[in-house]
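# A structural walkthrough
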Amino acid sequence: MTEDQIEEIDSIPLSDADRYYLEQGYKDPVERIGRIEEAAKFLAGATATTSGLYLAAYKIALGDATNAAFFWLQPYILWALSLVCFVLVLLPHRHPTKENDPNSWKEAFVESGKRKYLRLMIGTAFFILGILAGAFPFHALP
């Protein structure tokens, strides 16, 4: 067989299940980005709420006294970093693609999804570390 000839292979038609999974394989990279962005929006709101609750607990615990020790500020720094990561998930990023090349478009979606997911995970880690850091200063109170 020469390079110009194409070998035909007999196959069976796709089943409904196969057709469904094929369709999902095409749709998932695009829909995944939306799910990641929705999670980032939710976690940004959770971060803002948690920091507000922490501030209220901080004011109740200290009363009129002020304390500017670093360990009281640590949770806010971590939550600020968390919010930055969540905002970076939501910001658009330009991906170079080739005109009329669906494979480069798919690669751009997959790369965007990976980038957004990594930022979401880093932001989530900062959020959780902020919660953990927020619990320790209360042990130092008299």
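As shown above, the structure is provided for reference.
This write-up is about the structure you can find in this document. Since the model is a prediction, treat every value here as computed from it, not as a measurement.

Here we take up the overall build of the protein. Helix and strand counts for the protein stand at three helices and zero strands. Overall, the protein shows an N-to-C arrangement of helices and strands of α-α-α. Classification of the 142 residues of the protein by burial places 23% in the buried group. For the protein, contacts bridging at least 24 residues in sequence account for 79% of all contacts bridging at least 6. Total accessible area on the protein is roughly 10,600 Å²; 64% of this is exposed by carbon and sulfur atoms.

Enumeration over the complete set of coordinates arrives at one cavity of 30 Å³ or more. Forming the boundary of the largest cavity are Leu 88, Val 89, Leu 91, His 93, Ser 112, Arg 115, Lys 116 and Arg 119. Only α2 (70-90) and α3 (102-135) provide two or more residues apiece to the lining of the largest cavity. Sort the elements by how many residues they give to the lining of the largest cavity and α3 lands first, with four residues.

Another aspect to go through is the side chain of Thr 47. By secondary structure assignment, the location of Thr 47 is in helix α1 (residues 16-62). We classify Thr 47 as buried; its relative accessible area is 1%. Within the local environment of Thr 47, its side chain forms a polar contact with the backbone oxygen of Leu 43, the two atoms lying 2.7 Å apart. Residues in contact with Thr 47, not counting those within four places in the same chain, are Trp 79, Ser 82, Leu 83, Phe 86 and Phe 127.

Since there are 3.6 residues in each turn of an α-helix, residues three or four apart along the chain are aligned in direction. Given a rise of 1.5 Å per residue, 34 residues ought to cover 50 Å, and the 50 Å separating the end C-alpha atoms of α3 matches this to within 8%. By the burial criterion, the buried members of α3 are Ser 104, Ala 108, Ser 112, Gly 113, Lys 116, Leu 120, Gly 123, Thr 124, Phe 127, Gly 130, Ala 133 and Gly 134.

On to the pattern of salt bridges, then. Scanning all chains against the criterion turns up four salt bridges. The salt bridge involving Glu 37 is made with Lys 116; its shortest N-O contact spans 2.9 Å. One end of the pair, Glu 37, is in helix α1; the other, Lys 116, is in helix α3, and 79 residues separate them in sequence. Here Glu 111 ties to Arg 115 by a salt bridge, and the two come within 3.8 Å at their closest N and O atoms. In this pair, Glu 111 and Arg 115 are both assigned in helix α3, four residues apart and thus about one turn of the helix distant.

Parameters at a glance
- Residues numbered from 1 in each chain as written.
- Predicted model: local features only at pLDDT ≥ 70, side-chain atom pairs only at ≥ 80, totals over all residues.
- Heavy atoms only, no water.
- Helix = DSSP H or I, 4+ residues; strand = E, 2+ residues; numbered from the N terminus.
- Buried < 20%, exposed > 50% of the residue type's maximum accessible area, 1.4 Å probe, protein only.
- Contact = heavy atoms within 4.5 Å.
- Areas by Shrake-Rupley, 256 points an atom, 1.4 Å probe, with all protein chains shown as cover.
- 1 Å grid on protein atoms, 1.4 Å probe; cavity = no way out; pocket = protein on both sides within 12 Å on 5 of 7 lines; lining within 4 Å.
- Points joined across faces, edges and corners; volume = space filled by probe spheres on them.
- Polar contact = N/O pair within 3.5 Å; in protein donor to acceptor, adjacent residues only side chain to side chain.
- Expected span 1.5 Å × (residues − 1).
- Salt bridge = Lys/Arg side-chain N within 4 Å of Asp/Glu carboxyl O.

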